[in-house]
Amino acid sequence: MKLHRPAVSVYTVPTDAPEADGTLAWAATTLVICEVSTDGTTGTGWTYGPAAVGDFLHSFLGPLVEGRSALDIPAVHDAMCRSVRNAGRPGIASCAISALDIALWDLKARLLELPLARLLGTARETVPVYGSGGFTTYHDTHLAAQLNGWVHGQHIPRVKIKIGEGWGRAVTRDLARVHAARQVIGTDAELYVDANGAYTRKQAVRVGHALAEHGVGWFEEPVSSDDLTGLRLVRDALVCDVTAGEYGYDLPYFARMIAAGAVDCLQIDATRCGGLTEFLRAAALAHAHGLEVSTHCAPHVHAAAAATIPNLRHIEWFHDHVRIEDMFFDGALDPTGGVVRPLSGHGLTLRTEEVEEYRVA
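Residues numbered from 1 in each chain as written. Predicted model: local features only at pLDDT ≥ 70, side-chain atom pairs only at ≥ 80, totals over all residues. Heavy atoms only, no water.

Draft legend 1. A look at the layout of surface pockets. A volume near 650 Å³ is recorded for the largest pocket. Take the lining of the largest pocket: its biggest share by element is four residues, from strand β2 (residues 25–38). In the lining of the largest pocket, the residues fall into eleven nonpolar, nine polar and ten charged. (1 Å grid on protein atoms, 1.4 Å probe; cavity = no way out; pocket = protein on both sides within 12 Å on 5 of 7 lines; lining within 4 Å. Points joined across faces, edges and corners; volume = space filled by probe spheres on them. Helix = DSSP H or I, 4+ residues; strand = E, 2+ residues; numbered from the N terminus. Nonpolar A, V, L, I, M, F, W, Y, C, P; charged D, E, K, R; others polar.)

Draft legend 2. Representation of the packing of aromatic side chains in the model. Summed over the entire model, instances satisfying the criterion amount to twelve aromatic pairs. Ring centres 5.3 Å apart and planes at 70 degrees place the aromatic pair Y130 and Y192 in the edge-to-face group. Within this pair, whereas Y130 is found in strand β4 (residues 127–132), its partner Y192 is found in strand β6 (residues 190–194), the two being separated by 62 residues in sequence. For the pair formed by Y130 and Y192, the shared burial category is buried. Through successive ring pairs, a cluster of aromatic residues spans W26, F135, Y138 and F318. (Phe/Tyr/Trp six-rings, centres within 6.5 Å; stacked < 30°, edge-to-face > 60°. Buried < 20%, exposed > 50% of the residue type's maximum accessible area, 1.4 Å probe, protein only.)

Draft legend 3. The arrangement of the pattern of salt bridges in detail. The tally for this structure, following the rule as stated, stands at 19 salt bridges. K160 serves as the salt-bridge partner of D194, at 3.8 Å between the closest nitrogen and oxygen. Note that D194 is positioned in strand β6 and K160 in strand β5 (residues 158–162), a separation of 34 residues in sequence. D194 gets classed as buried once you look at its relative accessible area, which sits at 1%. For K160, the salt bridge is made with E220, and the minimal N-O distance between the two is 2.6 Å. Taken together, the residues span a long stretch of sequence, with K160 in strand β5 and E220 in strand β7 (residues 216–220) at a distance of 60 residues. Residue classification places K160 among the buried positions, given a relative accessible area of 1%. (Salt bridge = Lys/Arg side-chain N within 4 Å of Asp/Glu carboxyl O.)

Draft legend 4. Here's a closer look at the packing of helix α3 (residues 92–111) against helix α12 (residues 275–288). Remark: α3 packs on α12, axes separated minimally by 6 Å, with the N-to-C direction vectors making an angle of 95 degrees. The orientation of α3 with respect to α12, classified from their angle, is roughly perpendicular. For the pair formed by α3 and α12, the contact residues are S98, D101, I102 and W105 on the first element and G275, L276 and T277 on the second. Per-class residue counts for the contact of α3 with α12 are three nonpolar, three polar and one charged. (Axes fitted to C-alpha atoms, helices over the stretch in contact; angles between N-to-C directions. Parallel < 35°, antiparallel > 145°, perpendicular 65-115°, else oblique. Contact = heavy atoms within 4.5 Å.)

Draft legend 5. Spotlight on the state of the cysteines. Taken as a whole, this structure holds zero disulfides when the rule is applied. A disulfide-free cysteine, C34 has its sulfur positioned 13 Å from the sulfur of C95, the nearest such atom. Cysteine C265 remains unbridged, with the sulfur of C240 as its closest cysteine sulfur at 13 Å. (Disulfide = S-S within 2.5 Å.)

Draft legend 6. Looking closely at the nonpolar core. Ranked by internal contacts, the top residues of the largest apolar core, which has 114 residues, are I163, F219 and F328. The dominant element in this core, judged by the number of residues it contributes, is α3, at 13 residues. When neighbours within four sequence positions are excluded, F328 is seen to be in contact with Y11, V13, L31, I33, T349, L350, R351, V355 and Y358. (Core = buried A, V, L, I, M, F, W, Y, C linked by side-chain atoms within 4.5 Å.)

Draft legend 7. Just the sheet that holds β2, in detail. Pairing is antiparallel across the open sheet formed by three strands, whose spatial order is β1-β2-β3. Of all the strands in the sheet, just β1 (7–20) and β3 (41–48) have a single pairing partner and so form its edges. Neighbour-to-neighbour, the strand axes of the sheet open up by a mean angle of 25 degrees, direction not taken into account. Pairing of β2 with β3 involves eight bridges; the strand directions are antiparallel. (Pairing = 2+ DSSP bridges.)

Draft legend 8. Geometry of the pairing of β3. Burial within β3 is extensive, with seven of its eight residues counted as buried. In this structure, the hairpin formed by β2 and β3 is closed by a connection of two residues, where D39 is found at a positive phi of approximately 50 degrees.

Structure (structure tokens):
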């Protein structure tokens, strides 16, 4: 079963409201889709990133994988990683590798007529999720409606909002929004925050102590994820869990973060780190060091693989990507009750004609 050259498409979808976190603002999200086929069967993978990811997939990786075995994913993955030595692994190249690797696993599951979770081997029947959004651009009413929908509407017992507005220059508003979030969700639901690296080290510690008063148990990227020493210092100073890892583009990145003692829970993004192949390796590395893992964004990419991980904490039910994946694919999961059940079915199917209006390449 030899692989055909992958088909690549790129779509840009406007957000449903202005969105920003502590260090970035955006008005649209770009989705790069890779479809790889053999013997009349097609697998689908995707990543979120610039259109240049699609160009790299089409011109660089496509010819490389054409004609290789559809079942020997480790060999294809290794060939892709070796090929980008001079192009550079982090960023565009790694996102492209990720999308193609995800498509290969989807293809293999379909060829063998197994749900992907069953192909990989399951550790759990259900996968916990947490609602994620709460952008700094949301007014109080919008924030309350989103949180209320997750906690009281869909009964998701854990939610996350963005803080660190303006590179940490609006701490008073950050804390006011955290207080408002706690008022909406009540005392029983877990409350998380994500600063996207907006604070300085000492500032993050001061904010973290204030967050404890509102029962915040998860402080994501209190300082830059490149500042491993800073993450460790903040982690040691606070009661809440400090987390990071979403910008990991290869396995050595996660090894350095773990070795530095920088996090209490390691975040991994299969759409960036090298696909499901590298995702599972990173999860095993964390397990060897006594750490749980949580997935970053793209929930429908991660759900099946997450069911195979014994040290999984949860997956991120990220507003932008949930909205897009619901629009673009048949077979989307339902998080009602705070979990998804990815053990049946054969992945998602792209609604090609319905989403053509968003296609840019």
